[in-house]
Amino acid sequence: MATATPLQMQDAVSQFLATPRKLLIDGRWVAASSGKTFDSIDPATGEVLARVAEGDKADIDAAVKAARRAFESGPWAKMSASERGRIMWKIADLLEQHTEEFAELETLDNGKPISVSRVADVPLAVDLFRYMAGWATKIEGSTIPISGPFFAYTRREPIGVVGQIIPWNFPLLMAAWKLGPALATGCTVILKPAEQTPLSALRLGELAMEAGLPPGVLNIVTGFGETAGAALAAHPDVDKIAFTGSTEVGKLIVHAAAGNLKKVTLELGGKSPNIVFDDADVNKATAGAANAIFFNHGQCCCAGSRLFIEDKIFDKVVEGVSESAKKIRVGPGMNTDTQMGPLVSEEQFRRVCGYMEAGLSEGAKAVVGGKKVGNRGYFVEPTVLVNTNPKMKVVQEEIFGPVVTAMPFKSVDEIAAEANNTSYGLAAGIWTKDIGKAHSLANKLKAGTVWINCYNVFDAAMPFGGYKQSGWGREMGKEALELYTETKAVCVKIN
Ligand code: NAI
Ligand code: MG
């Protein structure tokens, strides 16, 4: 366990936590119409961190009404793209000025190390808003040379009122990924944060108001998936729903969206292969394989959870990754020397422990890890499993914890099929110095992102999303914007 004394939280953070948090509807902070609240829990201790309004269908209805009004007739509807971009840039500036406050909120609510939220979650969210702010003025249609005496052109118009449901693994960053393209294109939003981690999104809502976002453009309804989330997905006056979370709930969203055939984008689970060839720089590949699974405690949809190692170097890489795992300092995220915090919730803790037990009872062997850590909070050991077979649950299903299965392979000819042997297709890693082999394998992998000699590299400009049951559509980059617009073809007779 990490030993440093915990960071003293900023006054702004303790004040934010001390006040019951409300919903943001039509530019005002309001209690849930039922008056209900729920607790956000500190996963390092299992204790209550803050009290939050529990929105449900009635609050979603009010938020959708506000978003519809703002979209059709509010100042947002008349605002120039340049002005929209300026407000988004201002949100980024304010977020950056409050980096430490957001890092602390994120660490307390989610559990991740403060050293990570400071350099990853908050700066990546800032960068996303700036990148998307730049796009606001660059969303263009085209002129099209059609047959006959006609002038034809296209316009890209905002899709309308958008519902966005996000998970708890990168609470602020997932809010940014969703809000960025929606605001840049001129949509209005109802955001439903995960019930485990509602706090940073609510604070972001305050900054968005401060930056001058008109009332109703961004509404934030905290609450549970089965109530608030389901009502949003099914709402007849929502034009698009964007969801990140489990594949199971992704399928429910698709069904719920069918009522009014709203557009749907989904960013779902993964079981990503990370493939190490014997001609790789073994030290870099080993460090990369550890980072691929242990970053954010394995709570990444793109986690490199199936580690394929060419058989000649299998033992060496397994030993290296296991050594890294042993050295990881596990402890409360607010300790500055912590490298791995608790899992986000008791539910996730039980789920991950269940997978570790299932793997071991089915005959897998833990080279390192395999157990929980301590008796308080939701800590587990970084774990490397070997002696697995492709039928085991730990090889097939998304664990969403710091648990990797390491498997040997014989040749490049067989590895693409093995790597693709899953219902998911989010990401993949390849480690080799043979550039031809790397590119030819990258082409064969059914994955939305392929990292070569690196892993977990994200950029606001680079599209991210999944093949197969890892999702529909892409986030970030230009691709994301297209999914928040409708194309209108206009045809004019010219003589
Ligand atoms: P989840 O899919 O239930 O939750 C994600 C979001 O969906 C939350 O905001 C939740 O309130 C909402 N939601 C839940 N049920 C809903 C419904 N019926 N209608 C509308 N919205 C709903 O994920 P959960 O239960 O937190 O985690 C379970 C597993 O999902 C994890 O172990 C992991 O495997 C996967 N997961 C994947 C993520 C990713 O980034 N792709 C993120 C979080 C979880
Ligand atoms: Mg769930």
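Residues numbered from 1 in each chain as written. Chains lettered and ligands numbered in written order. Predicted model: local features only at pLDDT ≥ 70, side-chain atom pairs only at ≥ 80, totals over all residues. Heavy atoms only, no water.

This model, assessed by the stated rule, comprises 12 aromatic pairs. Summarising the aromatic geometry, the rings of Trp 168 and Phe 400 are spaced 5.4 Å apart at their centres and angled 90° between planes, so their arrangement reads as edge-to-face. Of this pair, Trp 168 sits in the loop between strand E7 (161–165) and helix H7 (171–185) while Phe 400 is found in the loop between helix H14 (393–396) and strand E18 (403–409), placing the two residues 232 residues apart along the sequence. Of the two residues examined, Trp 168 and Phe 400, each falls in the buried class. Here the aromatic residues Trp 177, Trp 451, Tyr 455, Phe 458 and Phe 464 are joined through ring pairs into a cluster of three or more. Lying across the ring of Phe 277, Lys 437 places its NZ or CZ 4.3 Å from the centre. (Phe/Tyr/Trp six-rings, centres within 6.5 Å; stacked < 30°, edge-to-face > 60°. Helix = DSSP H or I, 4+ residues; strand = E, 2+ residues; numbered from the N terminus. Buried < 20%, exposed > 50% of the residue type's maximum accessible area, 1.4 Å probe, protein only. Lys NZ or Arg CZ within 6 Å of the ring centre and 35° of its normal.)

Before going further, it helps to examine the sheet that holds strand E6 (residues 150–158). Across the sheet, which stays open at both edges, the 3 strands sit in the order E5-E6-E22 with antiparallel pairing between neighbours. For this open sheet the edge positions go to strand E5 (143–144) and strand E22 (485–493), each flanked by a neighbour on one side alone. (Pairing = 2+ DSSP bridges.)

It is the contact of helix H5 (residues 99–110) with helix H8 (residues 199–210), at a shortest axis distance of 9 Å, that shows an interaxial angle of 155°. In terms of orientation, H5 and H8 fall into the roughly antiparallel class. Judged by residue contacts, Glu 101, Phe 102, Leu 105, Glu 106 and Asp 109 of H5 engage Leu 199, Ser 200, Arg 203, Leu 204 and Leu 207 from H8. When grouped by side-chain class, the residues that make up the contact of H5 with H8 number 5 nonpolar, 1 polar and 4 charged. (Axes fitted to C-alpha atoms, helices over the stretch in contact; angles between N-to-C directions. Parallel < 35°, antiparallel > 145°, perpendicular 65-115°, else oblique. Contact = heavy atoms within 4.5 Å. Nonpolar A, V, L, I, M, F, W, Y, C, P; charged D, E, K, R; others polar.)

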